[in-house]
Amino acid sequence: PDPASRSKAAHDRARASLPGGNTRTTVFMKPYQIYAERGEGCRVIDLDGVARIDCINNFTSLIHGHAHPALVEAACAQMRLGSAPGLPTLSEIDLAELLCGRVASVDRIRFSNSGTEAVMNALKAARAFTGRPKIAKCEGAYHGSYDYAEVSLETRPETWTQGPPASVPYAKGTPQGVLDDVVTLPFNDIDGAVSLIRAHGADLACVLVDPMPNRAGLVPADRAYLQALREATREVGALLVFDEVISFRLGYGGAQPFWGVEADLTTFGKIMGGGFPVGATGGRADVMAVFDPSEGKPALPAGGTFSANPVTMRAGLAAMELLDHAAFERLDAMGEKIRAGVDEAFRKAGVPGCATGKGSLLKIHFTDRPVRDYRSAHLGAAEAQRQAAFFRALLNEGVLMASYGLMALSTPMTDDDLDAILAAVAAGLEAAKAA
Ligand code: PMP
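The written sequence of each chain sets the order in which its residues are numbered from 1. In keeping with the model being predicted, local features are shown solely for residues with a pLDDT of at least 70 and side-chain atom pairs are shown and tallied solely at 80 or more, while totals for entire chains, interfaces and linings include all residues.

**What to know about the domain arrangement of the protein**
Here the protein is partitioned into domain 1 (34-63 + 324-434) and domain 2 (69-322). Placing C-beta atoms from the backbone, we regard two residues as in contact once those atoms come within 7 Å. The interface is formed by 23 residues belonging to domain 1 together with 24 residues belonging to domain 2. Elements that contribute at least two residues to the side of domain 1 that touches domain 2 include exactly α12 (325-349), β11 (354-358), β12 (361-365) and α13 (374-377). Residue contributions to the side of domain 1 that touches domain 2 peak at 4 residues, all from α13. For this classification, the nonpolar set comprises Ala, Val, Leu, Ile, Met, Phe, Trp, Tyr, Cys and Pro, the charged set comprises Asp, Glu, Lys and Arg, and every other residue, Gly included, is treated as polar. Per-class residue counts for the side of domain 1 that touches domain 2 are 9 nonpolar, 9 polar and 5 charged. An automatic or database domain assignment provides the domain bounds reported here. Helix and strand definitions follow DSSP, with helices as H or I runs of at least four residues and strands as E runs of at least two, each counted in order from the N terminus.

**As for the sheet that holds strand β8 (residues 239-243)**
An order of β4-β10-β9-β8-β7-β5-β6 is seen for the 7 strands of this open sheet, with the pairing classed as mixed. Each edge of the open sheet is held by one strand with a lone partner, namely β4 (108-112) and β6 (182-185). The sheet shows a mean angle of 20° between the axes of neighbouring strands, taken without regard to direction. Judged from the 4 bridges that link them, strand β7 (residues 204-209) and β8 form a sheet pairing that is parallel. Paired with valine 207 across the bridge in β8 is leucine 240. Contacting β4, β9 (265-269) and β10 (279-283), helix α4 (residues 90-102) runs over the sheet at an angle of about 125° to β4. DSSP bridges decide pairing: two strands pair if at least two such bridges lie between them. Think of each axis as a best-fit line through the C-alpha atoms, taken over the contacting stretch in the case of a helix, with angles from 0 to 180 degrees between the N-to-C directions.

**So, the packing of helix α7 (residues 190-199) against helix α8 (residues 223-236)**
Taken N-terminus to C-terminus, the directions of α7 and α8 make an angle of 15°; their axes are 10 Å apart at the nearest point. Accordingly, the angle class assigned to the pair α7 and α8 is roughly parallel. Our pair here, α7 against α8, has a crossing hand that is right-handed. Contacts between α7 and α8 involve Ile190, Ala193, Val194, Ile197 and Arg198 from the former and Ala224, Tyr225, Ala228, Leu229, Ala232, Thr233 and Val236 from the latter. Roughly parallel means an angle under 35 degrees; roughly antiparallel means over 145; roughly perpendicular covers 65 to 115; every other angle is labelled oblique. Crossing handedness: left-handed means the near helix sits turned counterclockwise from the far one by under a right angle, and right-handed means the same turn made clockwise.

**Quick notes on the site of the ligand**
Around the ligand sit 15 residues in total, of which Ser114, Gly115, Thr116, Gly144 and Val245 are the nearest. It is helix α5 (residues 115-130) that provides the largest number of residues to the shell around the ligand, a total of 3 residues. Within the shell around the ligand, the residues separate by chemical class into 5 nonpolar, 8 polar and 2 charged. Placing a C-beta atom from the backbone of each residue, we mark the residue near a molecule or strand if the atom is within 6 Å of it.

**Quick word on the sheet that holds β11**
Read across the open sheet, the 3 strands follow the order β11-β12-β14; overall the sheet is antiparallel. Sheet topology places β11 and β14 (406-408) at the edges, where each strand pairs with a single neighbour. Taking the axes of each pair of neighbouring strands and ignoring which way they run, one obtains an average angle of 25° across the sheet. Against the sheet, α12 touches β11 and β12, its axis set at about 165° to β11.

**Looking at the packing of α12 against helix α15 (residues 415-434)**
α15 packs onto α12 with a crossing angle of 30° between their chain directions and a minimal axis gap of 10 Å. Taken as axis vectors, α12 and α15 run roughly parallel relative to one another. Considering how the two elements wind past one another, α12 and α15 form a crossing that is right-handed. Here Met334, Lys337, Ile338, Gly341, Val342, Ala345, Phe346 and Ala349 of α12 lie close against α15, whose contacting residues are Leu418, Ile421, Leu422, Val425, Ala426, Leu429, Glu430 and Lys433.

**Things to note about the confidence of the model for the protein**
What pLDDT reports is the predictor's confidence in each residue, on a scale of 0 through 100. This prediction gives the protein a mean pLDDT of 97; 100% of its residues lie at or above 70. Two summary scores accompany this predicted model of the complex, namely pTM at 0.98 and ipTM at 0.99.

**Some words on the pairing of β7**
Taken across its 6 residues, β7 has 6 buried, putting it largely inside the fold. Bridge analysis of strand β5 (residues 134-138) against β7 gives 4 bridges, and the strand direction is parallel. Looking across to β7, one finds that lysine 137 is bridged to leucine 208. What joins β7 to β8 is α8, and the crossover it makes is right-handed. Three exposure classes are used, all based on how many other C-beta atoms lie within 10 Å of a residue's own C-beta (placed from the backbone): buried at 20 or more, exposed at 12 or fewer, and partly exposed between those limits. If the strands point away from the viewer and the path from the first strand over the helix to the second runs clockwise, then the crossover is right-handed.

**Points about the pairing of β12**
When you tally the buried positions in β12, you get 5 out of 5 residues, the bulk of the element. Residues Leu361, Lys363 and His365 point to one face of β12 and Leu362 and Ile364 to the other, with burial holding for every one of them. Bridge analysis of β11 against β12 gives 5 bridges, and the strand direction is antiparallel. Counted as the bridge partner of cysteine 354 is histidine 365 from β12.

**Some details on α5**
Helix length check: α5 (16 residues) gives 22 Å between terminal C-alpha atoms against 22 Å at 1.5 Å per residue, within 8%. Summarising burial for α5: 13 of the 16 residues are buried, a large majority. Helix span, as expected, comes to 1.5 Å for every residue beyond the first.

**Thoughts on the nonpolar core**
Defined on buried residues, the nonpolar core groups Ala, Val, Leu, Ile, Met, Phe, Trp, Tyr and Cys residues joined through C-beta atoms within 7 Å. Within the largest apolar cluster, 117 residues are counted, with the highest numbers of intra-cluster contacts made by Cys55, Leu123, Ala126, Cys206, Val207, Leu239 and Val241. The element that contributes the greatest number of residues to this core is α5, accounting for 8 residues. Of the domains in this structure, domain 1 (34-63 + 324-434) and domain 2 (69-322) are the two that each give at least three residues to this core. Setting aside chain neighbours within four positions, we find cysteine 206 in contact with Leu123, Ala126, Ile135, Ala238, Leu239, Leu240 and Val241.

**Points about unusual backbone geometry**
Here the residue pair lysine 30 and proline 31 is connected by a cis peptide bond, since its omega of 0° sits within 30 degrees of zero. Examined against the element boundaries, proline 31 turns out to sit in the loop between α1 (6-14) and β1 (36-40). Phi is positive for asparagine 58, close to 45°, though the residue is something other than glycine. Within the secondary structure, asparagine 58 sits in helix α2 (residues 57-60). With a phi angle near 60°, alanine 308 is a residue other than glycine that sits in the positive phi range. Considering the arrangement of structural elements, one finds alanine 308 in the loop between α10 (285-288) and α11 (310-322). Assessed through the 21 C-beta atoms surrounding it within 10 Å, alanine 308 is described here as buried.

Shown next, in the form of C-alpha cells:
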C-alpha cells in the first residue's frame with residue numbers, strides 16, 4: 001500500500017458515490033482497489049503507471065488481451081454507423097451463424113447482455129418448454145446472479161454431513177420459494193447426482209452444469225459424469241443445459257467436443273463479445289422456439305434494450321474470427337506450460353499446492369488434496385492465508401490474477417511473458433511460504 005497512490009485517492013473518492021467505492025464485488029481489494037488506466041496487449045497499466053501482465057483478462061472475458069487492433073477497428077467502424085439503432089442489424093445474423101456453425105448442438109441462438117441473462121434465459125426457456133418448475137445445479141458452481149442460479153454457490157463445511165447437498169441462499173433475502181425450486185447436485189458424483197435427478201424428475205425442467213466450474217475447483221468434469229447427467233435428464237424428460245460462459249474458450253467448438261456430450265441448451269458470454277457486454281443462449285431448434293414471436297406472443301417473451309447491439313456483435317465476430325484452430329492450439333500449449341510450471345514451482349518451494357484447469361484456463365490451489373469438486377477445493381484457514389499472500393506478492397511482481405487463484409491466458413502473450421509469469425509465481429510461493 002502506498003499512501004500517495006492515485007488508485008488510493010480514486011478509491012477514497014469513490015466511497016462517496018459507490019457502496020464501499022465498489023461496483024463489482026469481484027474486483028474489490030483492500031486497503032484500496034487498484035484502478036486501471038488502460039490496457040495494451042497482455043498488459044494492464046494502473047493509475048500509478050504500474051504495468052502488470054494480465055492473467056485474469058476481465059475474469060476470462062478477453063482472449064486477445066486489451067485493445068487488439070482488429071477488435072478496436074471493428075467496434076469503431078460500427079460506432080461510426082451508430083451503436084444502437086433499435087432495429088435488428090446484419091451483425092447479429094453474422095455472429096449467430098458463426099456460433100451455430102461452430103457448436104454442433106446449437107441450431108438457434110438468442111443474444112443478451114451478460115452471462116447472468118444468458119443463464120436466466122436458459123432456465124426460463126427450460127421451464128417454458130417443459131412446463132416444470134425446478135432446476136438442478138451443482139454445489140459451488142457459479143452461474144451469474146439470477147436468484148435460482150445462485151443457490152448453493154457457497155456451502156459451509158460444517159453442513160457437509162452425509163446426504164445430498166442442501167439448497168442454501170447465497171444472497172440475503174433469497175425467497176424460500178427460490179430455494180424450494182432448486183435441487184443442488186454434488187459435482188463429479190454420478191450416483192449422488194442421478195438419484196437426485198430421479199427423485200425430482202417429474203418437477204425438473206433442467207439440469208444446469210458447467211463442464212469445468214471455476215468456483216467449484218476448475219476441474220474438468222469426468223466424462224462419465226456428464227454422460228450420466230445426459231442420460232438421467234433424458235430419462236426424466238428434463239433438459240440438459242451447459243453453461244459455457246467461461247468454458248467456451250476451451251476450443252473451436254466450445255467445451256462439448258471434449259466431453260462428447262451434447263447439451264439441449266448452452267449459455268455463452270465473455271469472449272464472444274470481443275470485450276463488450278454480452279450473453280447468449282443457444283440450443284435445439286424445438287426448444288429455442290419458445291422465444292419465437294412469429295405466431296404471436298411466444299411462450300417466453302424476451303426483450304433487452306441492448307441485446308444484440310451491433311458494437312458487441314461486430315467486436316465479438318472479430319474476436320471469434322481470430323480464434324482459428326491454430327490459435328486454440330497455441331493457447332492450449334501456453335496453458336500446459338503454465339500449469340506444469342506452477343506444479344513444478346510448488347514442488348521446488350516445498351509448498352503444498354497444484355494447478356487445475358484446461359486450455360487457456362488454470363486455477364492455483366494451495367492444497368495437495370486431490371481437487372475434484374467444491375468441497376475438496378475448499379481451503380482451510382492456513383491455506384487461505386497462503387493464497388492471499390501469494391495473490392498480493394503476484395501483484396507486486398507485476399502479475400494480475402483473481403484473488404481466488406484463477407488465471408486466464410491470452411493470445412498476445414509471448415514466451416517471454418509466460419516465463420515472466422512463472423518467475424512471479426516462484427517469487428509468490430516464497431511469500432506464501434513465509435505467510
Ligand atoms: N456463468 C459462468 C460460468 C460465469 O463464470 C459467469 C461470470 N463469471 C456467469 C455465468 C455470469 O456472467 P456475467 O458476469 O456476464 O453476468
